[in-house]
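Here is what each chain is made of, one letter per residue.
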Amino acid sequence: MSDQLTPELQQKIDQVVTQLREATAQYQGNLVLANSLGAEDMVLADLLARYLPDISQFVLDTGRLPEETLTLLARMTEHYPQLQVDVYYPEAAAVEAYVREQGINAFYQSQELRKACCGVRKLEPLKRALTGRAAWITGLRREQSVTRDTVAFSEWDAANGLQKLNPLADWSTKEIWAYLRHFNVPYNELHDRHYPSIGCAPCTRAISVGEDVRAGRWWWENPENRECGLHAASSIPLRPR
C-alpha cells in the first residue's frame, strides 16, 4: 500500500461496500459487474475481491481491444484468483457480415455506421451477459463527460430491463487514482500514456492537457454523441426498493 486515504475517500469506500452488500441481499446475488477494465472498474474489481468475491463480473472483448487491455485482463485474473470473470465475444457471423458489407473501419465514415459496429461488437454481447440478471454494476461517474453528469447511484435501465447500479457516481478522478495507488491495484498501462478513457483501439486516442477525459473516445464526433449504447440515456434515476 502507498499513501494514506483521506477520511472522505474512506467514507466513500464504505458507502460503496454497503450499497453492494445491500444490493446482493436485495437481488439475491443475481447481479454482475460489467468490467470495461478501465480505472473505475478496476477499483470495483478490487472492492469485490476484498469484500464481495461472490459477485461475478464480465468483460466484453470486442475483437478490437488494445493489446494493453488484453494484458490487463490476464493480469487481473492472476491477481484476483478468487473472482469469477467471464469474457463475452461478438457473434462471428455478425462481425463478418458488417465488415463484408461496410468495410473494416467503416465506423469512421458516419455515426450510424459507428453505432452499428458498437451494436455488433458490444450491445449484442452485453444482452447475452445480462440475460437473466436482476441488476448490473458499472463504473460510471458524473465527472466523466457531459453525457454522464446526471448519473444516479441506482437507476432503472429501461433498455436492458433491469436495475443499474453506479456506486462510484460521485467519485472524482483524483479519488479513483488515490484508491488504485493506495491498494496497488493493477491498471491499464495506457493510462500512463494520457489515455484516461479506453475503448477499442481504432476508436481511442491519447488526450492533451485540458481536454475532457473522454475526448479521446470517438474524437471525430460531437461530445454529446460519444456513447456506444451500453449506457442508454433512457435510464431513470431510481433507488432500489
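Residues numbered from 1 in each chain as written. Predicted model: local features only at pLDDT ≥ 70, side-chain atom pairs only at ≥ 80, totals over all residues. Heavy atoms only, no water.

Participant: Looking at this structure, how should I read the pattern of salt bridges?
Facilitator: Pairs may arise between side chains of opposite charge once their charged atoms sit close together. Summed over the entire model, instances satisfying the criterion amount to 11 salt bridges. A salt bridge links R114 to E221; its shortest N-O distance comes to 2.7 Å. With R114 in helix α5 (residues 111-130) and E221 in the loop between α6 (173-182) and β7 (236-237), the pair connects residues that are 107 residues apart, well separated along the chain. Taking relative accessible area as the criterion, R114 reaches 0% and is therefore assigned buried. You can call E221 buried: its relative accessible area is 8%. The residue E211 makes a salt bridge to R205 at a minimum N-O spacing of 3.2 Å. Residue R205 is classed as partly exposed on the basis of its relative accessible area, which comes to 25%. Linked by salt bridges that have partners in common, E40, R141 and E143 make up one network. (Salt bridge = Lys/Arg side-chain N within 4 Å of Asp/Glu carboxyl O. Helix = DSSP H or I, 4+ residues; strand = E, 2+ residues; numbered from the N terminus. Buried < 20%, exposed > 50% of the residue type's maximum accessible area, 1.4 Å probe, protein only.)

Participant: Can you walk me through the pairing of strand β5 (residues 154-157) in this structure?
Facilitator: Remark: a regular strand shows side chains that alternate across the two faces of the sheet. Bridge analysis of β5 against strand β6 (residues 162-165) gives 4 bridges, and the strand direction is antiparallel. Along β6, the bridge assignment pairs E155 with K164. Counted between consecutive antiparallel strands, the loop separating β5 from β6 contains 4 residues, among which G161 sits at a positive phi close to 70°. (Pairing = 2+ DSSP bridges.)

Participant: I would appreciate a short explanation of helix α4 (residues 92-102) in the present structure.
Facilitator: It helps to recall that an α-helix has 3.6 residues per turn; residues three or four apart then point in one direction. The set of residues buried in α4 consists of V95, A97 and Y98. Buried residues in α4, looked at end-on, bunch into an arc of 160°, giving them a common side. Exposed positions of α4 whose direction lies more than 90 degrees from the buried face are A93, E96 and R100. Looking at the buried positions of α4, the neighbouring elements they touch are α5. Following α4 by one or two positions, G103 has its phi on the positive side, about 110°. (Arc of directions from axis to C-beta. Contact = heavy atoms within 4.5 Å.)

Participant: I keep staring at the pairing of strand β3 (residues 85-88) and nothing clicks. Help me out?
Facilitator: Pairing geometry for strand β2 (residues 56-60) and β3, over 4 bridges, is parallel. Within the sheet, the bridge partner assigned to Q57 lies in β3 and is V85. Handedness of the crossover joining β2 and β3 through helix α3 (residues 67-79) is recorded here as right-handed. (Right-handed = clockwise from strand over helix to strand, strands pointing away.)

None of the figures reported here should be taken as evidence of function without further support.
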